[in-house]
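# Summary of the model geometry
Chain residues, written in single-letter form:
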Amino acid sequence: IVAGITPGSHISKVVFTEKGELKMQENFPATWLTSPDQCKFSKGHLICLSEDGAVVHNVRLDSDAASFVASSLADFGLQNCKGMDVYTADTELYESQPLFSLHCDPKSLNVFVVKSNKKLELLKSLKNADAAEIIQFDDITALISLSREDGETAAMASYDLESGKEIKDLSVKVHFPQHHG
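In short, a report on the structure. Think of each chain on its own: its residues are numbered from 1, step by step along the sequence as written. The predicted nature of this model means local features are confined to residues of pLDDT at least 70 and side-chain atom pairs, given and counted, to a pLDDT of 80 or more, with totals for whole chains, interfaces and linings taken over all residues. In computing side-chain values, all of the structure's heavy atoms are included and hydrogens and water are not.

### Considerations on the pairing of strand 5 (residues 45–49)
Applied cut-off: When a residue's accessible area, from a 1.4 Å probe over protein chains only, is under 20% of the maximum for its type it is buried; when over 50% it is exposed; and in between it is partly exposed. Each helix is a run of DSSP H or I of at least 4 residues and each strand a run of E of at least 2, with the numbering of both proceeding from the N terminus. Any two strands with at least two DSSP-identified bridges between them are counted as paired.
Extensive coverage of strand 5 is indicated by the burial of five of its five residues. The side-chain alternation of strand 5 yields two buried faces, one formed by H45, I47 and L49 and the other by L46 and C48. Bridge count for strand 4 (residues 39–42) against strand 5 is four bridges, and the pairing is antiparallel. Note that in strand 5 the partner of F41 across the bridge is L46. Here strand 4 folds back onto strand 5 in antiparallel fashion, the turn holding two residues, of which K43 has a positive phi close to 50°. Looking at chain direction, strand 5 and strand 6 (residues 55–60) are connected through five bridges and run antiparallel. Each bridged residue has a counterpart across the sheet, and for C48 the counterpart in strand 6 is H57. Where strand 5 hands over to strand 6, the hairpin turn is made up of five residues, of which G53 adopts a positive phi near 70°.

### Comments concerning unusual backbone geometry
One non-glycine residue, K43, lies in the positive phi region at around 50°. Among the secondary structure elements, K43 is positioned in the loop between strand 4 and strand 5. What makes K43 partly exposed here is its relative accessible area of 26%. Phi is positive for N128, which is not a glycine, with a value near 60°. Its place among the elements puts N128 in the loop between strand 11 (120–127) and strand 12 (131–137). The exposure class of N128 is partly exposed, given its relative accessible area of 49%.

### Examining a negative patch on the surface
Basically, it comes down to this: Patch membership is restricted to residues that have no salt bridge and whose relative accessible area is over 30%. Joining uses 9 Å for like charges and 5 Å for the nonpolar side chains Val, Leu, Ile, Met, Phe, Trp and Tyr. Using a 1.4 Å probe, accessible areas were evaluated by the Shrake-Rupley method; residue-level cover was limited to the displayed protein chains. Salt bridges are counted wherever a side-chain nitrogen of Lys or Arg sits within 4 Å of a carboxyl oxygen of Asp or Glu. Within this scheme the basic residues Lys and Arg register as positive and the acidic residues Asp and Glu register as negative, but His and the chain ends are omitted. Charge positions come from single atoms, namely NZ of Lys, CZ of Arg, CG of Asp or CD of Glu.
A contiguous patch of negative charge on the surface is contributed by D90, E92, E95, D138, D139 and E162. Position of E162 among the secondary structure elements: in the loop between strand 14 (153–160) and strand 15 (172–175).

### A few points about the nonpolar core
What counts here: Nine residue types can take part in a nonpolar core, namely buried Ala, Val, Leu, Ile, Met, Phe, Trp, Tyr and Cys, and a core is a set of them joined through side-chain atoms within 4.5 Å.
In this structure, Y87, L99, L123, I134 and L143 are the most contacted members of the largest nonpolar core, which totals 15 residues. Of all elements in the fold, only strand 10 (108–114), strand 11, strand 12 and strand 14 reach the threshold of two or more residues within this core.

### Here's the deal with the pattern of salt bridges
Applying the stated rule across the entire model yields three salt bridges. When the shortest N-O distance is used, the salt bridge between K13 and E26 registers 2.9 Å. In this pair, K13 is assigned in strand 2 (residues 10–16) and E26 in strand 3 (residues 22–29), connecting sequence segments 13 residues apart. Comparing K13 with E26, the two get one shared label, buried.

Take a look at the structure:
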């Protein structure tokens, strides 16, 4: 699958067979899209954040007759989001479902999954998180977050995405004393 973005107009999708032969070509509207930087690819989906940070648009590119599904972030109590990141880890819990995060204020990180019906589900909202990653740890799909608590302490917290509970064995605070030199 190859996708091209024409800002202010449409998305072009071209699908090839394993032999490299053209299988399908289609365009679908995306007049709200002002820049290719608003979009990320993940697990056969194109996920885009509106310019105002209020709506996530997603489309499954490996389906016939692709079209965007729009989800208002206000439905999740969020607004003015930016800084979208996608997670590429293969996990047992979310095997073929795209996972991504949005920063909705300078220290808030919100992790979403695109469900099979193309609807969004907010998995975890982290306050004071600077960065995060999703990993498969034994039979647990875990969200690992990093934050700087003050000028001298960094914290790593881990959460089981299925239960939402903190994994204490994978959480730690590290003290960095002031250095002079």
